[in-house]
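Take a look at the letters that make up each chain.
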Amino acid sequence: MKKVTDRRKNIISHVKGTLDTILRVEANSASCCIIYEPESQNLKGKLNNMSEKIANWLIGQKAISSDERELYAYAVHCLFSLIYPIAFAFVLGIIFGMVMEAIVMIIPFMIIRKFSGGYHADSFGKCLIISSIVIAGALLIGKNIYNGVTLNALYIVASILLIIFSPIDSINKRLDDDDKMFCKKITIVIVLVIFVITEILWCMGYRYYTRFIVVGVILAELLQLVTIFRNMVENESYRKIKI
């Protein structure tokens, strides 16, 4: 009986510890990994039932207080946002017979996007559709594109632009100057580390898989450019209306 109780306490402790880590990362990041950023305030009605059930379970286990329900429900939602892209990529990888390629592509994309920011859909449903199309398209491009000078040039340009433009915050998660500086530094480190890893894999002969790492990095930058272009159009429209 004591072993069961101890095991249960360990599970509760690990769940809360994981959610605390998610909250710390979320507090120092530019966006969610998926193409949708939930509002961090006034969360009631915006979180799925599973998030609230887990938060209520933690309250029942006296791991958190009732005042922390929305905070930890949000943490669970953010945890799901880390799982969703991998699940999408895995399923699409099975469909296309490219599971390893899908994982190799989505991981660098997720890590960069967490701190670089970029385009966000205005609903979770739209996010699912766009994410599926984007991941499927990126996989097909990675499979059929030639890993030559053009792709490597695009990769270098994308890496430089990520360093220049990051981070791009969203309407639901504004960053102050300190947050922006932190996210920019982390993005620079991530981009450089991924570049080194890609070059090492290239030299080791894993050139087929480096294509998908490169595509993931380029995809992260493309979503930034979409946001930059949209903001330019919206600002121009606002300026004309004001005039």
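Above: the structure in question.
Residues numbered from 1 in each chain as written. Predicted model: local features only at pLDDT ≥ 70, side-chain atom pairs only at ≥ 80, totals over all residues. Heavy atoms only, no water.

Asks: Go over the overall build of the chain, please, and point to the residues and values.
Replies: Across its full length, the chain holds 8 helices and 0 strands. Beginning at the N terminus, the succession of helices and strands in the chain can be written as α-α-α-α-α-α-α-α. Evaluated residue by residue, the chain yields a buried proportion of 40% over its 243 residues. Counting every atom, the chain has about 13,700 Å² of accessible surface; 66% of that belongs to carbon and sulfur. (Helix = DSSP H or I, 4+ residues; strand = E, 2+ residues; numbered from the N terminus. Buried < 20%, exposed > 50% of the residue type's maximum accessible area, 1.4 Å probe, protein only. Areas by Shrake-Rupley, 256 points an atom, 1.4 Å probe, with all protein chains shown as cover.)

Asks: Can you explain the side chain of Thr210? Please cite residues and give values.
Replies: Within the element layout of this structure, Thr210 appears in helix H8 (residues 207-242). Dropping the residues within four chain positions of it, Thr210 is found in contact with Asn147, Thr198, Leu201 and Trp202. (Contact = heavy atoms within 4.5 Å.)

Asks: Could you give an account of the packing of helix H6 (residues 149-165) against helix H7 (residues 177-203), with specific residues and numbers?
Replies: Viewed as axis vectors pointing N to C, H6 and H7 meet at an angle of 165 degrees, and their least axial separation amounts to 8 Å. With respect to H7, the axis of H6 lies roughly antiparallel. Regarding H6 and H7, the two cross each other, and that crossing is left-handed. Along its contact with H6, which presents Tyr155, Ser159, Leu162, Ile163, Ile164 and Phe165, the element H7 presents Lys184, Thr187, Ile188, Val191, Ile194, Phe195 and Thr198. (Axes fitted to C-alpha atoms, helices over the stretch in contact; angles between N-to-C directions. Parallel < 35°, antiparallel > 145°, perpendicular 65-115°, else oblique. Left-handed = near helix turned anticlockwise from the far one by under 90°.)

Asks: Outline the packing of aromatic side chains, supporting the account with residue identities and numerical values.
Replies: How two aromatic rings sit relative to each other is set out by the distance from centre to centre and by the angle between their planes. Under the counting rule described, the total for this entry stands at 3 aromatic pairs. On the numbers, 5.2 Å between centres and 75 degrees between planes, the contact of Tyr208 with Tyr209 is edge-to-face. You can call Tyr208 partly exposed: its relative accessible area is 30%. Between the aromatic rings of Tyr208 and Phe212, the centroid separation amounts to 5.3 Å while the plane-to-plane angle is 70 degrees, which identifies the pairing as edge-to-face. Here the residue Tyr208 and the residue Phe212 both occupy positions in helix H8, the gap between them amounting to 4 residues, near one helical turn. By relative accessible area, which is 0% here, Phe212 ends up buried. Ring pairs connect the aromatic residues Tyr208, Tyr209 and Phe212, which therefore count as one cluster. (Phe/Tyr/Trp six-rings, centres within 6.5 Å; stacked < 30°, edge-to-face > 60°.)

Asks: Describe a nonpolar patch on the surface, naming the residues involved and giving the relevant values.
Replies: On the surface, Ile156, Ile160, Ile164, Phe165, Phe195, Val196, Ile200, Met204, Tyr206, Leu222 and Leu225 cluster together to form a nonpolar patch covering roughly 980 Å² of accessible area. Secondary-structure elements contributing two or more residues to the nonpolar patch are H6, H7 and H8. Ranked by residue count, the leading element in the nonpolar patch is H6, at 4 residues. Structurally, Phe195 is set in helix H7. Here Phe195 falls in the partly exposed class, since its relative accessible area comes to 32%. (Patch = residues over 30% accessible without salt bridge, like charges linked within 9 Å, V, L, I, M, F, W, Y side chains within 5 Å. Salt bridge = Lys/Arg side-chain N within 4 Å of Asp/Glu carboxyl O.)

Asks: Can you break down the side chain of Ser166 residue by residue, with the values?
Replies: Mapped onto the fold, Ser166 is located in the loop between H6 and H7. Its relative accessible area of 3% is what places Ser166 among the buried residues. Reaching out from Ser166, the side chain makes a polar contact with the backbone oxygen of Leu162 at a distance of 2.5 Å. One polar contact links Ser166 to Gln224, side chain to side chain, over a distance of 2.9 Å. Aside from chain neighbours lying at most four places away, what touches Ser166 is Ser116, Leu161, Lys184, Thr187 and Gln224. (Polar contact = N/O pair within 3.5 Å; in protein donor to acceptor, adjacent residues only side chain to side chain.)

That is the geometry; function is a separate question.
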